[in-house]
Amino acid sequence: MAYNPDIHHRRSIRLADYDYSQGGAHFVTVCTEGHLCLLGEIVDGAMRLNESGRMAQTAWDELPRHYPGVETDAFIVMPKHIHGIIVLSVGAGPRGCPLSARPTCDDSNPEEGQPRGVAPTKPPRLSLSDVVHRFKSLTTNRYADGVKRHGWPPFPGRLWQRNYYEHIIRDDMALSRIRTRRGRPLCSL
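Notes on the structure follow.

We now examine the packing of aromatic side chains. To describe a pair of aromatic rings, you give the distance between the ring centres and the angle between the ring planes. Applying the stated criterion across every chain, the model contains six aromatic pairs. When the centroid spacing of 4.4 Å and the interplanar angle of 15° are considered together, the rings of W60 and F75 count as stacked. Note that W60 is positioned in helix 1 (residues 51-66) and F75 in strand 4 (residues 70-78), a separation of 15 residues in sequence. Here the two residues W60 and F75 agree in accessibility, since each one is buried. With a centroid separation of 6.5 Å and 75° between ring planes, the pair formed by F75 and F135 is classed as edge-to-face. Here F75 is found in strand 4, whereas its partner F135 is found in helix 2 (residues 128-150), with 60 residues between them in sequence. Accessibility expressed as a relative area gives 2% for F75, which makes it buried. Three or more aromatic residues joined by ring pairs form one cluster here, namely W60, F75, F135 and W160.

Thresholds, definitions, all that
- Residues numbered from 1 in each chain as written.
- Predicted model: local features only at pLDDT ≥ 70, side-chain atom pairs only at ≥ 80, totals over all residues.
- Heavy atoms only, no water.
- Phe/Tyr/Trp six-rings, centres within 6.5 Å; stacked < 30°, edge-to-face > 60°.
- Helix = DSSP H or I, 4+ residues; strand = E, 2+ residues; numbered from the N terminus.
- Buried < 20%, exposed > 50% of the residue type's maximum accessible area, 1.4 Å probe, protein only.

Put into structure tokens, the structure is as follows:
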């Protein structure tokens, strides 16, 4: 059924006046569509990742390499969802280098002092939803490839639910508490 604003009244679950592209840490949970157990299973109280679960872990680990200003922290894959901490840093260039420290000109002839080549540009500032969207897109494409090439269980329509849960981490104590939920570590860092 197509979206009809007269019938469907979607309300945002995000804070109305919060800038989700500003620096900070966020705890996110992303669930598979229909809560299907596609990422592994729990055996004797321990999570055992299958190939698709390992793929999700790899995609998470790759986020900082592909997106300047994005760092990942604790992460865990469960059979039908993932939990993780995303840290957005403001003003970070490649490899966490502040933009002001990036070279802007060729210093081989200090007399001229003119920039050479293309002027450096500020990398786009990603919001939390941008990062989650990119994680979902990357894993969906890789999962679809796994269905075709390796016989992974197919998913109906979408791999991930439309939205995601997020919690703004306000201080180090909250970060520590989230990393060790219910007395167990979220993951080994």
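So much for the structure itself; the text now carries on.
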